[in-house]
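# Examination of the molecular architecture
Here is how the chains run, residue by residue.
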Amino acid sequence: MAAINTQQKVSKAQRWTITSDKFLTQEQVLQLISHLTNERDLAIARGINRQAIRDYYPIRGLLETGLRVFEFCDLQTADLQGQRLTVRRGKGGKARTVLLTRTTQNLFKEWLVVRNKFSFSELPQASLFPSRYQQPYTTRGIQCRVKKVFRHLGLPAHFSVHS
């Protein structure tokens, strides 16, 4: 019986070994950004498909900040302070501050303008990236949106929001 448990532990460890095939390549990241940008720009030009606009900012935000999905979903408008982003409830329940690059600052400033056009709440405690229901995105909601974009681009099925 002990041998079976050892075998199971080894196979789990092998599954979680970090290898380059579990992450997006630089070319795939550029393909993803290009696709998101094109879809957002088309949606703005045509005045339809708000989802493409709303997909662009959270996915780019995750790429740019490296936050965990649950941390990202928990962000509030007041957490964004210039070049600093306050993660109130990070891993282990600890708060931390993330410094933003100029590109990321501009991305978030642009999002604040867009979110106001969508009539999302401007209150400081409002979700920075609300769903279409004016509620904070759930972790699962973000995962589904990312998976949908990955599928559209023909990226390997094993890729996830963590890739």
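Cut-offs applied
- All residue numbers refer to position in the chain's written sequence, counted from 1.
- Whole-chain, interface and lining totals are the exception, using all residues; otherwise, since this is a predicted model, local features are given only for residues with pLDDT of at least 70 and side-chain atom pairs are given and counted only at 80 or more.
- Side-chain calculation: all heavy atoms of the structure are included, whereas hydrogens and water are not.
- We define a salt bridge as a side-chain nitrogen of Lys or Arg found within 4 Å of a carboxyl oxygen belonging to Asp or Glu.
- Segments assigned H or I by DSSP are reported as helices when at least four residues long, segments assigned E as strands when at least two residues long, and all are numbered from the N terminus.
- Each residue gets one of three labels from its accessible area relative to the maximum for its type: buried under 20%, exposed over 50%, partly exposed in between, using a 1.4 Å probe on protein chains only.
- Pairing between two strands requires that DSSP report at least two bridges joining them.
- In this analysis, rings of Phe, Tyr and Trp, with Trp reduced to its six-membered ring, are considered paired at centre separations within 6.5 Å, and the interplanar angle assigns stacked below 30 degrees, edge-to-face beyond 60, and tilted for intermediate values.
- Lysine and arginine charges are scored as sitting over a ring when NZ or CZ, respectively, is within 6 Å of the ring centre and within 35 degrees of the ring normal.

### Some remarks on the pattern of salt bridges
Considering all chains together, one arrives at nine salt bridges under this definition. Measuring nitrogen to oxygen at the nearest pair gives 3.7 Å for the salt bridge that ties D74 to R89. Taken together, the residues span a long stretch of sequence, with D74 in the loop between α4 (69-73) and β1 (80-81) and R89 in the loop between β2 (84-87) and β3 (96-99) at a distance of 15 residues. Residue D74 is classed as partly exposed on the basis of its relative accessible area, which comes to 23%. Residue classification places R89 among the partly exposed positions, given a relative accessible area of 43%. Where salt bridges share partners, they join D74, D79, R88 and R89 into one cluster.

### Here's the deal with the sheet that holds β1
Strand order in the open sheet formed by three strands is β1-β2-β3, with antiparallel pairing between adjacent strands. Two strands in the sheet have a free side with no partner beyond their single neighbour: β1 and β3. Sheet topology places β2 next to β3; four bridges connect them, and they run antiparallel. Considered in β3, the bridge of L85 is made with V98.

### Description of the packing of aromatic side chains
Under the definition given, this model contains eight aromatic pairs. Between W111 and F129, the aromatic rings sit 5.4 Å apart at their centres with planes inclined by 15 degrees, giving stacked as the arrangement. In this pair, W111 sits in helix α5 (residues 102-117) while F129 sits in the loop between α5 and α6 (139-153), placing the two residues 18 residues apart along the sequence. Judged by relative accessible area, F129 falls into the buried class, the value being 3%. When the ring of F118 is compared with that of F120, the centres are 6.0 Å apart and the planes differ by 80 degrees; the resulting orientation is edge-to-face. Note on F118: relative accessible area 13%, which makes it buried. Among the aromatic residues, ring-to-ring pairing joins Y56, Y57, F72, F108, W111, F118, F120 and F129 into one connected group. Over the ring of Y56 we find R40, and its NZ or CZ is 4.2 Å from the ring centre.

### Remarks on the environment of N106
Tracing the backbone shows N106 in helix α5. The sequence separation of N106 and G82 amounts to 24 residues, and the corresponding C-alpha distance is 9.6 Å.

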